[in-house]
Amino acid sequence: MSSAVISATGLFSPPSVIDNDELVEAFNAYVERHNERNAAAIERCEVEALQPSSSAFIEKASGIKRRHVMDKQGILDPERMKPSIPQRPNSNYGIQCEMAVKATNQALERAGIRAQDLDAVVVACSNLERPYPAVAVEVQDALGVEGFAYDMNVACSSATFGIQNAVDAINNGHARTVLVVNPEICSAHLNFCDRDSHFIFGDACTAIIVQHPDDVPAGRGFDVLGTRLKTRFSNNIRNNFGFLNRADESGMGQADKLFVQEGRKVFKEVSPLVAELIGEHLGALGLGTDQLRRMWLHQANLNMNELIAKRVLGRDAEVGEAPVILDEYANTSSAGSIIAFDQYQADLNSGDYGIICSFGAGYSIGNVVVRKR
């Protein structure tokens, strides 16, 4: 029996796009200027010379070809190497709220409901533009929603953990219709001066409408058959930015205040954990992997997704079984698996099974097993 239904999703994609060639051109210009300015120190071995990047390297390492961003000009300026996103007055809705409303309006239209029909709003994403007031409460106000709202962060697994919270709220009688929205501005916490990671992220916002089954017309959406969450502490993906930074001036502006990772360790340690959890979850629901029509996996790395799919299925995934949106969007953190779900579901038939699976910093893994209605 289904305890909740994902009745619709929405997607906001920033109009500005940076392809690998553009990104590499800016990065290599930065590298050249850095090495010229520090030539004497490099000669004395006091400063390490930076190495250039290439589009071929990026695509081979990740499968990424381009990414959508909230600001293109600042990122491609070799003297800046970060987006330019001016702080808005408190009297204006924030940029994450704006993204959330755009994605939500699309989801509401697809679900055939109004914002006033929402009982709760959960903003679930990797980074929030401020600690308080909650961005979710701001989104609630912008949409004109009664009820309650809150923010949550489980890094790249925020969306699936948010769906779990929505399902729980419906099961507990706290709400009948819940909005989970994921405004990810990943470009703002990416070190565009680091060769190993300057290409990883893009920006996007996804919205998910979760409803009580009795409120959703037959044939619309996906039954949520079960959710499963898992966390295990690791420093291999980390961002040390926070309110305590100002209490230690020596660390302000350092590289660890942005996204840092030990990519090879993450690949080696997370891939088997994800495949194992998917297998266990399907087994607990009485489903075999041969019944799985689609896997909407977290979009971080093409090689990683191919390995996870192979471990789950016992063979290489066929085209369409584990769709990839990395080439167009890059890694959009918690929004990635939902973008894949949003864009690769129209061909499914009633009764088809699928799984939305996220994984990332924490480590954190979240599964949502669904069945097409």
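It should be noted that the structure appears before, not after, this text.
In short, a report on the structure. (Residues numbered from 1 in each chain as written. Predicted model: local features only at pLDDT ≥ 70, side-chain atom pairs only at ≥ 80, totals over all residues. Heavy atoms only, no water.)

This brings us to the overall build of the protein chain. Looking only at helices and strands, the protein chain has ten helices and 13 strands in total. For 373 residues, the compact-globule formula gives about 21 Å, and the C-alpha radius of gyration of the protein chain, at 21 Å, lands near that figure. For the C-alpha atoms alone, the extent of the protein chain along its principal axes is close to 70 × 55 × 35 Å. Across the 373 residues of the protein chain, 53% fall into the buried class. A separation threshold of at least 6 residues defines the contact pool for the protein chain, and within that pool the share at least 24 residues apart is 78%. Working note: accessible area of the protein chain is about 16,900 Å², and carbon and sulfur atoms make up 47% of it. (Helix = DSSP H or I, 4+ residues; strand = E, 2+ residues; numbered from the N terminus. Rg over C-alpha atoms; globule rule 2.2 N^0.38 Å. Buried < 20%, exposed > 50% of the residue type's maximum accessible area, 1.4 Å probe, protein only. Contact = heavy atoms within 4.5 Å. Areas by Shrake-Rupley, 256 points an atom, 1.4 Å probe, with all protein chains shown as cover.)

Turning next to the pattern of salt bridges. This structure, assessed with the given rule, holds 20 salt bridges. A salt bridge links Arg88 to Glu98; the shortest N-O distance between them is 3.0 Å. Highlighted residues: Arg88 in the loop between strand S3 (66-69) and helix H4 (95-111) and Glu98 in helix H4, separated in sequence by ten residues. According to the relative accessible area criterion, Arg88 is partly exposed, its value standing at 30%. (Salt bridge = Lys/Arg side-chain N within 4 Å of Asp/Glu carboxyl O.)

Now for the pairing of strand S12 (residues 353-360). Side-chain direction in a regular strand flips from residue to residue, so the side chains alternate between the two faces of the sheet. Burial of S12 is extensive: eight of the eight residues sit out of reach of the surface. One ladder, built from eight bridges, connects S12 with strand S13 (residues 364-372); its direction is antiparallel. Looking at S13, one finds that Ile355 is bridged to Val369. Connecting S12 to the next strand, S13, in antiparallel fashion are three residues, including Gly362 with a positive phi near 140°. (Pairing = 2+ DSSP bridges.)

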